[in-house]
Amino acid sequence: MTAQPEHHAATPPMRTLAELRNALGIWGFPGDLQEFETELADADLDDLTRVREITQAYRHRVLLRCDPQAMAALMRSTDDVAFELGEKLAAERNGR
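Residues numbered from 1 in each chain as written. Predicted model: local features only at pLDDT ≥ 70, side-chain atom pairs only at ≥ 80, totals over all residues. Heavy atoms only, no water.

Things to note about the pattern of salt bridges
Our working definition: Salt bridges are identified by distance alone: a Lys or Arg side-chain nitrogen within 4 Å of an Asp or Glu carboxyl oxygen. By definition, any uninterrupted DSSP run of H or I lasting at least four residues is a helix, any uninterrupted run of E lasting at least two residues is a strand, and each is numbered from the N terminus. Three labels apply to residues, based on accessible area from a 1.4 Å probe with only protein chains included: buried if under 20% of the type maximum, exposed if over 50%, partly exposed otherwise in between.
Going through the model one piece at a time under the given rule, you end up with eight salt bridges. Salt-bridge contacts for Arg 61 lead to Asp 32; the nearest nitrogen and oxygen are separated by 2.9 Å. Of this pair, Arg 61 sits in helix H3 (residues 48-66) while Asp 32 sits in helix H2 (residues 32-42), and the two are 29 residues apart along the sequence. Relative accessible area serves as the criterion here: at 31%, Arg 61 is assigned to the partly exposed category. Measuring nitrogen to oxygen at the nearest pair gives 2.8 Å for the salt bridge that ties Arg 76 to Asp 80. Judged by relative accessible area, which is 33%, Arg 76 ranks as partly exposed.

Structure follows, in structure tokens:
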């Protein structure tokens, strides 16, 4: 069994579809619950790989919302990220 990453203590349970729906309703990004329901309704429920992909994607979105560091990273402006990347590239060029 592989070790699971640790998440913020406030991470809601998401072991069942009902728990995931509840978590999306509370913690999801706007529209996540409706999009989840649409994707699940459009999926072939006999295709367990596809159902797993959908549920994992939306579970991950809830985990992002529960992680303060992830939310801080998502809230950074494009200019801020571009500036940081420029600084790193300049440092690499000067280090060579």
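Considerations on the confidence of the model for the protein chain
Which entries qualify depends on this criterion: Looking at any residue, its pLDDT shows the predictor's confidence there, from 0 to 100. Should any heavy atoms of two residues lie within 4.5 Å, those residues are considered in contact.
Averaged over the protein chain, the pLDDT score is 86; the fraction of residues at 70 or greater is 89%. Put simply, helix H4 (residues 68-74) is where the protein chain has its lowest mean pLDDT, 74, and H2 is where it has its highest, 96. In this model residues 1-8 is a low-confidence stretch, pLDDT under 50, and it forms three contacts with partners more than four residues away in sequence or in other chains.

A closer look at the environment of Arg 21
By the secondary structure assignment, Arg 21 is in helix H1 (residues 17-27). You can call Arg 21 partly exposed: its relative accessible area is 31%. Sequence separation between Arg 21 and Glu 37 is 16 residues, and the spatial gap between their C-alpha atoms is 8.6 Å. Among all residues touching Arg 21, those that are not within four sequence positions of it are Leu 33, Phe 36, Glu 37 and Leu 40.

Structural notes on the packing of H1 against H2
A pair of packed helices can be characterised by two numbers: the angle between their axes and the separation between those axes. So the rule is basically this: Axis angles are defined between N-to-C directions and span 0 to 180 degrees, where every axis is a line fitted to C-alpha atoms and, for a helix, only to the segment in contact.
Between H1 and H2, the least distance of the axes is 8 Å, while the angle of their chain directions is 145°. Packed against H1, whose contacting residues are Leu 17, Leu 20, Arg 21, Leu 24 and Gly 25, the element H2 presents Asp 32, Leu 33, Phe 36, Glu 37 and Leu 40 at the interface.

Things to note about the nonpolar core
Under the convention used in this document: Among buried residues, those of type Ala, Val, Leu, Ile, Met, Phe, Trp, Tyr and Cys that are joined through side-chain atoms within 4.5 Å constitute a nonpolar core.
Ranked by internal contacts, the top residues of the largest apolar core, which has 13 residues, are Met 14, Leu 20, Leu 24, Phe 36, Ile 54, Tyr 58 and Val 62. Sorting the residues of this core by element identifies H1, H2 and H3 as the ones contributing at least two each. Of the residues forming this core, the biggest block, six residues, is contributed by H3. When residues no more than four places from it in sequence are discounted, the contact partners of Met 14 are Glu 19, Leu 20, Ala 23, Arg 59, Val 62 and Leu 63.

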